[in-house]
Amino acid sequence: MASESYSDVVFLVDGSRNVGRAGFRHVQNFIVKVVEQLNVAVNKYRIGLAQFSGDARTEFLLERFRTKQEVLSYLRRVYNFKGGAALKTGRAIEYMHKEFFIESAGSRKNAKVPQFAIIITAASSQDDVEIAARALKRDGVKVISIGIGREDRDDLGKMAYIKNDIFMIKVNNFNELVQSAIGLSTTIKTMTQKEFVHEELKAPAVCQTASVADVAFLVDESSRIGEANFQLIRRFLYNFIKVLDIGSEKVRVGLVQYSNAPRTQIHFMTLQDKEEILKHIANTPYRGGSANTGAAIDFLKDNYFQPRTSGRETKGIPQIAIVVTDGNSNDGVRNSAAALRRLGVTVYALGTKNANFNQLASIASYPPESFVSHVENFENLTSIENVLQKKICIEIVKTTEVKAEKITQLLEGCKETEEADIYFLIDGSGNLDSDDFKDMKDFMLDIVRIFRIGKDKVRIGVVQYGSTTQTEFDVGKYASKKEVEEAIGKIRLIGGTISKTGQALVQMKELFNKADKTRKNRVRRFLIIVTNRKSEDDVSRPAAGLRQRGVNVYAVGVAKAERNELHQIAGALERVFHTANYDALKEIKHRIIRDMCAKEVCSKLEVADIIFLIDGSRSIWIIDFNKMKKFIETLINSTEVSDTRVQVGLIQFSSQTRLEFQLNQYHDKAELLNAVRNVQQLNEQTCTGRALRFTAEYFDSSKGGRPNERQYLIVITDGEAEDEVYEPAKAIRDKGVNIFAIGIINANNTQLVEIAGSQDKVYHVENFDALKDLDKSISFEVCSRSEECGRIEVADIVFVLDGSDSISKPQFDSMKNFLMSVVNRSEVDRDNVRFGAIVYGNNPQTIFRLDSFTSKAEIRSALWGLQKETRGPRYTVKALKLARNLLTEEKGGRGKSNSTVPQFIILITDGKVTDSEDIPSLANELKKDGVEVYAICVAGANKQELLSITQLADNYYDAPDFGYLEQLSPIISQLLCNETKPDILSDERGSKQVLVSGKPVFIDRKGIQRGHCQALAEGAKWVALWGLLPMVAQGSDTSPERRTQDLGDSVEEKSQLSGEGGLNIGGHIKCELKKADIVFLLDGSEVVTSGDFESMKSGLKDFVKLFNVGENHFQFALVQYGTTQRFEFYLTQSDSHDVLKSKIDEITQIGGETATGAALTFVNAHLQKLEGNRRNEKVPLYLLVITSGTSVDSVVTAAAELHKQNILIFALGIQNAKGSELLKITGSPQRKLFIKDIGDLSKVKRRIVRSICILHPPPQGIHALVTVALEGAVNVHELHHIEFGTGYGYKQQLSIEMKDIGKALMNQIVSDPEKSKTELIFCNFLYENGI
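What you see is a predicted model; the values in this text were computed from it and never measured.

### Some points on the overall build of the protein
For the protein, the count of helices and strands is 40 helices and 45 strands. Residues classed as buried in the protein amount to 58% of the 1331 residues present. Put simply, 76% of the contacts in the protein that link residues at least 6 apart link residues at least 24 apart. Within the structure as shown, the protein displays about 52800 Å² of accessible surface, and the carbon and sulfur contribution to it stands at 47%.

Below, the structure written as structure tokens:
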């Protein structure tokens, strides 16, 4: 059903003596005939009329008449000839523009309703018409100029929208004018329809990507709305839903209307055909009554978003509610809306000026400025259609494609915050209900779970206050995360009606002073206060005192808390947060965590090139262009600018592209900021593709770039590119440059993704003001390490430093700095990385043992005052023997007793070995112990001697001088990082590969001599790293497993012993699994190129090599699919790595279409009978889907059947795979991954490791609700709304009257062998009228 189109039409009529009274009657009749052909009404065509000669006068404005009859009555009875000798058409056009085409006069141009001006004249104008007409046309008004008479006139063409026969009409006399009325009305209707079609084609491109979600509209139909406004709401819903990709397995739409009571119009489980939905909306009746919004929200929650009523939040599907209302609710909305949001529903609130903003904010998700929309009246709904559509679709894409990646990034970034004292100060006064208090506890717990808790690491304390202040526990009390979590769980509200925040802040100062005395060095200190009311005492002075002592204060206010007071507490607006509801703490925590961790993260951004590519086109106002420059200044201020640290360049584009300054032009921050402020806007069109091509070379060394360092391009645009962007952007990314794309207002999401390369590097903001809220997100991402292996995580490392007579104090200090640099890139802890140090000359001296220190601060303190006291020649072997002794268990090492911990000795020397005769025996002993030695040869050291010690050419490094140690430290750290979770790959020549500055580099087996080091520093060949999991070391595991989930839910730490045969993945990620069966489902369809298929096979071979294989360990099977499916090998064929390698090598590509749904069904049919399946032994069975395209069939039902059997599915999408489809397969954003090509696998392996290695307990509680309709039950078709746990495959409603009811019921109960011992509960519900 097509929606009717309409427009605003204003007639500007010549009333001078050139027309005369007789001619005027013809003009009058002409207008009447035109109006008769149009559907005139307040919500349809609107008509306005003005008459002029020397000056102009209004006959009636667009908003005056509500019906066609009223317009015609005025034209026939009231409309009179004006008269006058002058004819000032230019002045009249200006008058019409200012008086008619404005909102107060009834113009709907802001609602994108087409605007027409019909100018009728009988003579040339006596003044200029061009300037006034151009202004009118620039405002979007389509001008049709009509000239009466035979005279050739230039002014008609100047007035017309386009100089052609459609917009410029000439008639010879008044009779011809009347005859042209039907033609003009047809032109108006045709042009109006084209305008509407054009608007429809402008539907947000991002909505094509947003292909899976549940979206429910809750619409106010109370008496305040009125029939006319409700019609506008219908149109809004119609246009909104029209752009969504609707279907039972795609975007599902629901509609509830409410007044006194809510009523279902469209349910997720019923009507899901777009055409039927649109037809239903067009005919939705209006009811009237009172507005009980709270009750309606409860109804929406219970009947749409609960898992038992078909809500899909537990499957990771975005859940969205849009509330449309015109005023205040008669009942409370706060608790109802909070309960809805706690289910994981994102809530948008849309209201008119009559609606209370605070009430809308209490309904909507946080922050309200992003989720609350206000319009002047319902006629303006169309003005925000496109914006709201884009908002919703972006939210869907963010949830399905980006959220998990951002959470992972936050977790990784906060690892850099290793030492801190954090206090929570919580207001326990007031009448908090249990849900609010739980929100507050969850807020604290989720922040705690981000950090590494320990007595020398991050410490946590909690203080509660009301009229008094009580310390729940101070930062020194608990030394483990588990203890802190348990303590927070036991906190009880103190209650009361008085809140003395100032008094509590005074006590916090004392607690921080006490904490400082228990630290060996000063660490960062944080205070996070949560309050829900104004304090009874002064807060400014004690808060200022805390900040002056270096405490970073975050003030979170809920409900009645006052913003000014929060500002007084925090001291900076960026650390102030205010919300109407406690459940918003779930979102606020991310912002606080990011700000807390940003300083350490960005301090690690040692070297980077950043170029800003900014849109300077004419669509951007000068005030907004300045806001963009301010945003750039803020980002610059968060970095360390210099020729050896961060370089910044700036390029502006519109139709042309202009270099403002290149990367190496400014190395002084003040000069750089001044250069940004002096940039002048170009003011032309938007040619982004051309600008990207121009920009590519400015990352090269010839243009001041440093290609071997981390490089970033930040693109900011507010519109759609008029040229192609994908290829030029890809060329930049292929250089190893990370691109971030920021889209403002009307930016095209599809183009932004083409520029950035992936959705997680795309940012959207509604306006230029919102840029200020984006700077922290961008800077955090730029600063975060892009290397997959960012830190040395588990190892014993002993440094052996040359302290012989040839070593000067500056050289010794260089070695100390090198040592500390490696330490700073490590997880220092008793259970992670332990460091020891030896300095030697003729005798070695132990500086500290492996068990001496458990924190970086302690090591830093020990090195700070270390002076070289050793003398004499270099007895290197003697020193290495001492180092070997330090690695033993007796001396604090974790040698033979724990073979999973790699051990290293790092030797730095600048001369010959005095006791070289003992090298062979020592080298053999170290090799037997499994100790790996790295030797750095400075200047005069003997290469052959050191190679004999290391026994590996690629463990030898030749530095030209001690100053070069600074450049070697990140390379050595990266090698150790990879070695401590041994996923080092080799090319055909046996070269090692590491990631330096986020770019992979192969290190030749010849070793890094001076030339090789320079090659690393100046530019080696970057190649892609293919590896899915770090190497699995054998042995037992007795360490706690840190389990990481979505911060929106929880981040748990679990302690569980794996026992014999357990896995230690990469040293740090302790795998809880002893054994598992893993089935690969491999896409071999025609969308996969032969080269990529071979790469997939290589990846699978590397994958299986990482596991202990066999019937008592891990078993693998592989199914390949295209149009058909086949087993390539079975679980029982996992005897050895060699067998698996041979089986994978034998695989030939199957070809055909990408039928993933059929493949899942095939796997499901064979899993239970699969030979070697150990599910009866409680061995987990996992399915890993690897696909490169979009499935030609549905995956939902097949995936649901696998989930019903508790089969955990992981999905890896490559190239053309859709993220939404991967989500349907896995049922969880945490178990799906997408990469652009196989080379990107190294970037996601940590998430796969954590996901696979976590023990996933079977679900507890009620698994399913199955209903059976009794005899005589009514509305049986609605019973499915309350069922759950029956999967997508269950469609038939069971009835007691069915002949085979017993069999049908048992089929539902025992369809899963895992439920063979299911406990059954039968309930008989007795109600007077049933459902």
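### Here we look at the environment of Val256
Its place among the elements puts Val256 in strand S8 (residues 251–258). C-alpha separation for the pair Val256 and Glu221, spaced 35 residues apart in sequence, amounts to 9.9 Å. With sequence-adjacent residues up to four places away left out, Val256 is seen in contact with Phe217, Leu218, Val219, Pro262, Arg263, Phe299, Leu300 and Tyr304.

### Comments concerning unusual backbone geometry
The peptide bond linking Tyr366 to Pro367 adopts the cis configuration, its omega dihedral lying at 0°. In this fold, Pro367 is placed in the loop between helix H12 (357–363) and helix H13 (368–371). Even without being glycine, Gln951 reaches a positive phi, approximately 60°. With respect to the helices, strands and loops of the structure, Gln951 is situated in the loop between helix H31 (943–950) and strand S30 (956–959). For Lys1178, which is not a glycine, the phi torsion comes out positive at approximately 65°. For Lys1178, the position within the fold is in the loop between helix H36 (1156–1167) and strand S41 (1181–1187).

### Some remarks on the sheet that holds strand S38 (residues 1076–1083)
If you trace the 6 strands from one edge of the open sheet to the other, you get S40-S39-S38-S41-S42-S43, paired in mixed fashion. Two strands bound the open sheet, and with one partner strand each, they are strand S40 (1125–1129) and strand S43 (1232–1235). Between one strand axis and the next, the sheet turns through 20° on average, direction left out of account. Relative to strand S42 (residues 1208–1214), S41 runs parallel, the two sharing 6 bridges.

### Digging into the nonpolar core
Counting 84 residues, the largest nonpolar core has Phe424, Phe451, Ile714 and Ile742 as the members making the most contacts within it. No other element matches helix H20 (residues 585–603), which puts 8 residues into this core. Look past the residues within four positions of Ile714 in its chain and what remains in contact with it is Ile610, Ile611, Phe612, Leu613, Leu635, Phe740, Ile742, Ile778 and Val782.

### Regarding the state of the cysteines
A complete count under the given rule lists 1 disulfide for this structure. Here Cys414 engages in a disulfide with Cys597; their sulfurs sit 2.0 Å apart. The S-S bond linking Cys414 to Cys597 shows a torsion near 105°; that makes this disulfide right-handed. A residue pair is termed long-range when its members are at least 10 positions apart, and Cys414 in the loop between helix H14 (381–413) and strand S13 (420–427) and Cys597 in helix H20 qualify at 183 residues. By the burial criterion, Cys414 is buried, and Cys597 matches it.

### Considering the packing of aromatic side chains
Summed over the entire model, instances satisfying the criterion amount to 28 aromatic pairs. Relative to Tyr304, the ring of Phe268 has its centre 5.3 Å away and its plane inclined at 85°; by these criteria the two rings are edge-to-face. Here Tyr304 lies in helix H10 (residues 293–305) and Phe268 lies in the loop between strand S9 (262–266) and helix H9 (274–282), a separation of 36 residues in the sequence. Of the two residues, Phe268 and Tyr304, both sit in the buried class. Relative to Phe1162, the ring of Phe1127 lies with its centre 5.8 Å away and its plane at 45°, an arrangement referred to as tilted. Taken together, the residues span a long stretch of sequence, with Phe1127 in strand S40 and Phe1162 in helix H36 at a distance of 35 residues.

### A look at the pattern of salt bridges
Applying the stated criterion to the full structure yields 60 salt bridges. Note that Asp8 and Arg108 form a salt bridge whose closest N and O atoms lie 2.7 Å from each other. Within this pair, whereas Asp8 is found in strand S1 (residues 8–14), its partner Arg108 is found in the loop between helix H3 (89–100) and strand S4 (115–121), the two being separated by 100 residues in sequence. As far as burial versus exposure is concerned, Asp8 and Arg108 are alike and both buried. Asp155 is the salt-bridge partner of Arg153, the closest N and O atoms lying 3.2 Å from each other. Residue class for Arg153 comes out buried when judged on its relative accessible area of 9%. Several salt bridges share partner residues, and in doing so they unite Arg334, Arg342, Asp435, Asp436 and Asp439 into one network.

### Quick word on the sheet that holds S30
Spatially, S27-S26-S25-S28-S29-S30 is the arrangement adopted by the 6 strands of the open sheet, whose pairing is mixed. Edge strands, defined here as strands with exactly one partner in the open sheet, are strand S27 (844–848) and S30. This sheet shows a mean twist of 20° between the axes of neighbouring strands, independent of strand direction. Of the strand pairs in this sheet, strand S26 (residues 833–840) and S27 are connected by 4 bridges, and their pairing is antiparallel. Counted as the bridge partner of Tyr840 is Pro844 from S27. The strands that H31 touches are strand S28 (903–909), strand S29 (931–938) and S30; relative to S29, the one it contacts most, it runs at about 165°.

### As for helix H15 (residues 434–448)
For H15, spanning 15 residues, the distance from its first C-alpha to its last is 21 Å, which sits close to the expected 21 Å at 1.5 Å a residue. Burial analysis of H15 places 11 of its 15 residues in the buried class, the great majority of the element.

### A short note on the pairing of strand S22 (residues 710–717)
In terms of burial, S22 is a largely internal element, 8 of the 8 residues being buried. Residues Arg710, Tyr712, Ile714 and Ile716 of S22 are buried on one face, and the alternating residues Gln711, Leu713, Val715 and Thr717, pointing to the opposite face, are buried as well. Across 7 bridges, strand S19 (residues 608–615) lies against S22 in parallel orientation. Directly across from Phe612, in S22, lies its bridge partner Ile714.

### Let's talk about a nonpolar patch on the surface
A contiguous nonpolar patch, built from Trp621, Ile622 and Ile623 and spanning about 390 Å² of accessible area, is present on the exposed surface. Looking at the element boundaries, Trp621 is found in the loop between S19 and helix H21 (622–637).

### Looking at helix H18 (residues 540–548)
Along H18, the residues that are buried comprise Pro542, Ala543, Gly545 and Leu546. Buried residues in H18, looked at end-on, bunch into an arc of 155°, giving them a common side. Exposed residues lying more than 90 degrees from the buried face of H18 are Arg541 and Gln548. Looking at the buried side of H18, the elements it contacts are helix H17 (501–517), strand S16 (524–531), strand S17 (551–558) and helix H19 (563–570).

### Topic: the environment of Gln951
Look at Gln951 and you get partly exposed, because its relative accessible area is 38%. Contact partners of Gln951, with chain neighbours within four places excluded, come to Ala923, Asn924 and Lys927.

### Thoughts on the packing of helix H1 (residues 20–36) against helix H2 (residues 68–77)
Where H1 meets H2, the axes come as close as 10 Å, and the angle between the chain directions of the two elements is 175°. In terms of orientation, H1 lies roughly antiparallel with respect to H2. Listed contacts from H2 to Gln28, Ile31, Val32, Val35 and Glu36 of H1 are Lys68, Val71, Leu72, Leu75 and Arg76.

### Details of the confidence of the model for the protein
Per-chain confidence: the protein averages 83 in pLDDT, with 85% of residues scoring 70 or above. Contacts for the low-pLDDT stretch residues 981–1070, under 50 throughout, to residues beyond four places or in other chains number 276 contacts. For the stretch residues 1325–1331, pLDDT sits under 50, and the model shows 5 contacts to residues farther than four places along the chain or on other chains.

Analysis parameters
Residues numbered from 1 in each chain as written. Predicted model: local features only at pLDDT ≥ 70, side-chain atom pairs only at ≥ 80, totals over all residues. Heavy atoms only, no water. Helix = DSSP H or I, 4+ residues; strand = E, 2+ residues; numbered from the N terminus. Buried < 20%, exposed > 50% of the residue type's maximum accessible area, 1.4 Å probe, protein only. Contact = heavy atoms within 4.5 Å. Areas by Shrake-Rupley, 256 points an atom, 1.4 Å probe, with all protein chains shown as cover. Pairing = 2+ DSSP bridges. Axes fitted to C-alpha atoms, helices over the stretch in contact; angles between N-to-C directions. Core = buried A, V, L, I, M, F, W, Y, C linked by side-chain atoms within 4.5 Å. Disulfide = S-S within 2.5 Å. Phe/Tyr/Trp six-rings, centres within 6.5 Å; stacked < 30°, edge-to-face > 60°. Salt bridge = Lys/Arg side-chain N within 4 Å of Asp/Glu carboxyl O. Expected span 1.5 Å × (residues − 1). Patch = residues over 30% accessible without salt bridge, like charges linked within 9 Å, V, L, I, M, F, W, Y side chains within 5 Å. Arc of directions from axis to C-beta. Parallel < 35°, antiparallel > 145°, perpendicular 65-115°, else oblique. pLDDT = per-residue confidence, 0-100.

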